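Commentary on secondary and tertiary structure
The lines below spell out each chain.
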Amino acid sequence: MRNKKVTPARVVMYAALVIVLIFMLVPFIWLVISSFRPNVDLFNEPFSVPKHLSFDNYTAVMESHPMLLYFANSVAVAAIATVVSIAAATLAAYAMMHRFMTRKMLTAVFSMCLFIPTNAFMVPYYVMISKAGLYDNILGIALVYAGVNLPMSFMVIKGYMDTIPLELLESAQIDGATNGQAFRRIILPVSKPGIVTACVFLVINSWNELLFANLLNQSDSSRTIQVAIRSFLTTFDANYAYAFAAMVISILPTIIIYALLTDKIIGGMTAGAVKG
């Protein structure tokens, strides 16, 4: 194979990528190293070379707080939000494959929802969840996440379904299949890469979300791991060592999920760029 020609543009591109990589890796590496350091060292010499590393912070975090409960709450919230949002987005995307009068208008509405800041929904969601009796409840937080992430899930899945030839639906109709049968037996299996991509992004967004989790929670029974991390940093007591250890614990699942499903994510995101 011939070596690619080195051009100034390519050098600038790789240099920019290296700079971005450094800006991303350095804070993460510092976070991991700091999670093994005593809190006193972080206050006195936060950026110095650590002299002593230990797992005491991780042990103390697990013993002082019900981290397994918080972890389970985060898993439950992410799972429920993903199932609800993906089910609604998949059905909506399938509906947009058919021709009807308001199809373009509904697609535009979903697209515009991507640009609405989530902070704008704080008061409406709080009132709705409270009136529904779901305040301080895992289900209430999960339903909010499902609603907030629905536009993104819809656009990702729709972008993939747009690559599916309409001849498949026409062939199914000729064979006597109903819309439901065509969806379950043809469209759904073919759309798995796009659905998996939306699932991964939804799980990561739900796992890392703090604003609504803090707004709709007041007890350990429904507290997610992100809200638990915040409890280590209060006005009168800031234990950064414990907080960093809890952050590392919370980050690991999302890194593992993304690493295992990188190929499917890239395939699902790029499929909509080419009309099949």
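Our structure's up above, just so we're on the same page.
Residues numbered from 1 in each chain as written. Predicted model: local features only at pLDDT ≥ 70, side-chain atom pairs only at ≥ 80, totals over all residues. Heavy atoms only, no water.

1. Focus on the overall build of the chain
Short version of the rule: In DSSP terms, a helix is any run of H or I states spanning at least four residues, a strand is any run of E spanning at least two, and both are numbered starting from the N terminus. A 1.4 Å probe rolled over the protein chains alone gives each residue an accessible area, and that area as a share of the maximum for its type sets the label: buried under 20%, exposed over 50%, partly exposed in between.
Within the chain one finds 14 helices and zero strands. When its helices and strands are written in sequence order, the chain yields α-α-α-α-α-α-α-α-α-α-α-α-α-α. Principal-axis analysis of the C-alpha atoms gives the chain an extent of 75 × 65 × 30 Å. Across the 276 residues in the chain, those meeting the buried criterion constitute 35%.

2. Notes on the packing of helix α5 (residues 103-113) against helix α7 (residues 138-161)
We count it as follows: Angles shown run from 0 to 180 degrees and are taken between the N-to-C directions of axes, each axis being a line fitted to C-alpha atoms and, for helices, limited to the stretch in contact. Comment on the angle field: the value is read as roughly parallel under 35 degrees, roughly antiparallel over 145, roughly perpendicular from 65 to 115, and oblique elsewhere. Note on convention: the crossing is left-handed when the near helix lies turned anticlockwise from the far helix by less than a right angle, right-handed when the turn is clockwise. Between two residues, a contact is recorded if the distance between any of their heavy atoms is within 4.5 Å.
Running from amino to carboxyl end, α5 crosses α7 at an angle of 125 degrees, the nearest separation of the two axes being 8 Å. The angle between α5 and α7 falls in the class oblique. In the crossing of α5 with α7, the sense of the turn from one axis to the other is left-handed. Residues Thr107, Phe110, Ser111 and Cys113 of α5 form the contact with α7, whose participating residues are Leu150, Pro151, Phe154, Met155 and Lys158.

3. Considering the pattern of salt bridges
Opposite charge on two side chains permits them to pair, given that their charged atoms come into close proximity. So the rule is basically this: Basic side-chain nitrogens of Lys or Arg form a salt bridge, by our definition, when they fall within 4 Å of a carboxyl oxygen of Asp or Glu.
In the structure shown here, the tally under the stated rule is two salt bridges. The residue arginine 223 makes a salt bridge to aspartate 220 at a minimum N-O spacing of 3.0 Å.

4. Observations concerning unusual backbone geometry
Positioned with a positive phi, aspartate 136 is a non-glycine residue whose angle comes to about 60 degrees. Mapped onto the secondary structure, aspartate 136 falls in the loop between α6 (122-131) and α7. Judged by relative accessible area, which is 17%, aspartate 136 ranks as buried.

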